[in-house]
Amino acid sequence: MFRLLITRFSAIGDVAMTVPVVHSLASQHPEMRITMLTKKGMKPFFDWMPANVEVIGVDVNKYDGVVGLEKLFNELKKRKFDAMADLHDVLRTKYLRSRFKLSGVKTAKIDKGREDKKELMGKGMSNEALIPMTERYVQVLNKLGIEVTLNYDRAFDPRDEDYAPVFNRVGRKRAGEVWIGVAPFAAHVNKIYPLEKMHEVVRTLANHDVHVFLFGAGEEEKSVLTSWEGPNVISVCDKLGGLHNEMLLMSKLDTMLAMDSANMHIAALVGTRVVSIWGATHPKAGFTPWHQPLDNIIQMENLPCRPCSVYGDKPCQFGDLRCMNLITPEMILEKLLMK
């Protein structure tokens, strides 16, 4: 039996993008034993994997430094892996990869395409789109001699799931109701649509008898989203009992509105229509949500400064974040409410 270790610890969206790859791999190679190593909080992404997938979620703080990583390696090597696919290639996984390689385990790492991404900066509309992140993950497996075709549909069949814990919190969806999720935050400010304008979008949706569910994490986001609550508007931040139930709720939405962020990818995993807003970053960098049409992307296409960074972590060179501020609430509403 071939035993494969796959590693990806962060970021949340990048881990989410491993799901179509791991699921496709496992379903096409049922004879293979696959171990996914990630952060503890990411485990729910893999709750619906085929039986030949084991997920190890670790608290990376318990394996800090060389001593901690050596401890983690010693725990992992007992599983007698035949190969390791490093989908992250950071210091933590580099160490594990080097130790496995010295132990005779075949290893391969991701090519992140850093030079291609640098070339894309400020040339978003003129350059060709880069390889999607999911395809980069597949390339790592190919280096190990493992063939896989991406045929992932969605994480689960809603008919097989128990929605009671979700419906107990938000109520049951009635015939004819429209449910839209809104996830207004992202890891970096240049990827966040101005909150006052997003609040206008939420209020307008609610006035159109749309039921709006607000998604976020952490006390700061929770405070903002709670202040937006009102008729037809509910914040589910910290209310559903974790990521698993949030994914269940997302599967019941008609549409998820999100930034270039983790929630964009999570909603796509459960087969929900995702409308995404892009500012400093660009879809051509390879981070578009799984199986979502380009028509669902809202962006200012003709700004020559876009993208100004791959991850949205650099300040706007003009200081006005025009890539976001030129997008009007009306543009978003039209996309959300289109039939």
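Our subject is the structure listed above.
Figured I'd write up the structure that's included with this text. These numbers come from a predicted model, not from an experiment.

Rules behind the numbers
- Residues numbered from 1 in each chain as written.
- Predicted model: local features only at pLDDT ≥ 70, side-chain atom pairs only at ≥ 80, totals over all residues.
- Heavy atoms only, no water.
- Helix = DSSP H or I, 4+ residues; strand = E, 2+ residues; numbered from the N terminus.
- Rg over C-alpha atoms; globule rule 2.2 N^0.38 Å.
- Buried < 20%, exposed > 50% of the residue type's maximum accessible area, 1.4 Å probe, protein only.
- 1 Å grid on protein atoms, 1.4 Å probe; cavity = no way out; pocket = protein on both sides within 12 Å on 5 of 7 lines; lining within 4 Å.
- Points joined across faces, edges and corners; volume = space filled by probe spheres on them.
- Axes fitted to C-alpha atoms, helices over the stretch in contact; angles between N-to-C directions.
- Parallel < 35°, antiparallel > 145°, perpendicular 65-115°, else oblique.
- Left-handed = near helix turned anticlockwise from the far one by under 90°.
- Contact = heavy atoms within 4.5 Å.
- Nonpolar A, V, L, I, M, F, W, Y, C, P; charged D, E, K, R; others polar.
- Pairing = 2+ DSSP bridges.
- Right-handed = clockwise from strand over helix to strand, strands pointing away.
- Core = buried A, V, L, I, M, F, W, Y, C linked by side-chain atoms within 4.5 Å.
- Phe/Tyr/Trp six-rings, centres within 6.5 Å; stacked < 30°, edge-to-face > 60°.
- Lys NZ or Arg CZ within 6 Å of the ring centre and 35° of its normal.

## So, the overall build of the protein chain
Then, number 1: A count of helices and strands for the protein chain gives 13 helices and 11 strands.
Then, number 2: Rg of the C-alpha trace for the protein chain: 21 Å, near the compact-globule value of 20 Å for 339 residues, within the 12% margin.
Then, number 3: Reported as C-alpha extents along the three principal axes, the dimensions of the protein chain are approximately 60 × 50 × 35 Å.
Then, number 4: When each of the 339 residues of the protein chain is scored for burial, the buried share is 53%.

## A short note on the layout of surface pockets
Then, number 1: The space that makes up the largest pocket amounts to roughly 1,200 Å³.
Then, number 2: What lines the largest pocket is a set of 48 residues, among which A11, I12, G13, A187 and A262 lie closest to the centre.
Then, number 3: At the level of elements, α1 (12–16), α5 (114–120), α10 (243–252) and α11 (262–269) are the ones that each hand at least two residues to the lining of the largest pocket.
Then, number 4: For the lining of the largest pocket, the leading source of residues is α11, giving four residues.

## Quick look at the packing of helix α8 (residues 195–207) against helix α13 (residues 329–337)
Then, number 1: The contact between α8 and α13 brings their axes to 9 Å, and the two run at 40 degrees. Judged on the interaxial angle alone, α13 and α8 are oblique. Along this stretch, α8 crosses α13, giving a crossing that reads as right-handed. The segment α8 lies against α13, with K197, E200, V201, T204 and L205 engaging P329, E330, I332, L333, L336 and L337.
Then, number 2: Of the residues in the contact of α8 with α13, the class split is seven nonpolar, one polar and three charged.

## Section: the pairing of strand β5 (residues 106–109)
Then, number 1: Inspection of the sheet shows strand β4 (residues 83–86) paired to β5 by four bridges, in the parallel sense. The residue bridging A83 from the neighbouring strand is K106, located in β5.
Then, number 2: As a crossover connection, the stretch from β4 through helix α4 (residues 91–102) into β5 is right-handed.

## Brief notes about the pairing of strand β9 (residues 255–259)
Then, number 1: Most of β9 is tucked away: five of the five residues are buried.
Then, number 2: Going residue by residue along β9, you find T255, L257 and M259 tucked away on one face and M256 and A258 tucked away on the opposite face as well.
Then, number 3: For β9 and strand β10 (residues 273–277), the ladder comprises five bridges, and the chain directions are parallel. Bridging across to β10, T255 finds its partner in R273.
Then, number 4: At this point the chain moves from β9, through α11, to the parallel β10, and the crossover so formed is right-handed.

## Re the sheet that holds strand β2 (residues 33–39)
Then, number 1: With respect to topology, five strands assemble into an open sheet ordered β3-β2-β1-β4-β5, the strand pairing being parallel. Looking at which strands have only one partner, the edges of the open sheet turn out to be β3 (53–58) and β5. Neighbour-to-neighbour, the strand axes of the sheet open up by a mean angle of 15 degrees, direction not taken into account.
Then, number 2: The pairing of strand β1 (residues 3–7) with β2 spans five bridges and is classified as parallel. The residue of β2 that forms the bridge with R3 is R33.

## Quick notes on the nonpolar core
Then, number 1: Within the largest apolar cluster, 70 residues are counted, with the highest numbers of intra-cluster contacts made by L4, I6, L25, F45, F46, F215 and L249.
Then, number 2: Contact partners of L249, with chain neighbours within four places excluded, come to V166, V170, W179, F213, F215, V236 and L240.
Then, number 3: Residues I192, L321, C323 and L333 belong to the second largest nonpolar core, which totals 32 residues.

## Points about the packing of aromatic side chains
Then, number 1: This model, assessed by the stated rule, comprises seven aromatic pairs.
Then, number 2: When the centroid spacing of 4.6 Å and the interplanar angle of 40 degrees are considered together, the rings of W48 and F156 count as tilted. Of this pair, W48 sits in the loop between β2 and β3 while F156 sits in the loop between α6 (133–143) and α7 (164–170), placing them 108 residues apart in sequence. Taken individually, W48 and F156 each receive the classification buried, so the pair is uniform in this respect.
Then, number 3: Cluster of aromatic residues (ring-pair linked, three or more members): F73, F81 and F100.
Then, number 4: Seen from the ring of Y163, K252 lies directly overhead, with NZ or CZ sitting 4.5 Å from the centre.
Then, number 5: Sitting over the face of the ring of F318, R322 holds its NZ or CZ atom 3.8 Å from the ring centroid.

## What about helix α2 (residues 19–28)?
Then, number 1: Within α2, seven of the 10 residues are buried, leaving the element largely enclosed by the surrounding structure.
Then, number 2: Along α2, the positions that sit buried rather than exposed are V19, P20, V21, V22, S24, L25 and A26.
Then, number 3: In this structure, the buried side of α2 is in contact with β1, α1, β2, β3, α6 and α11.

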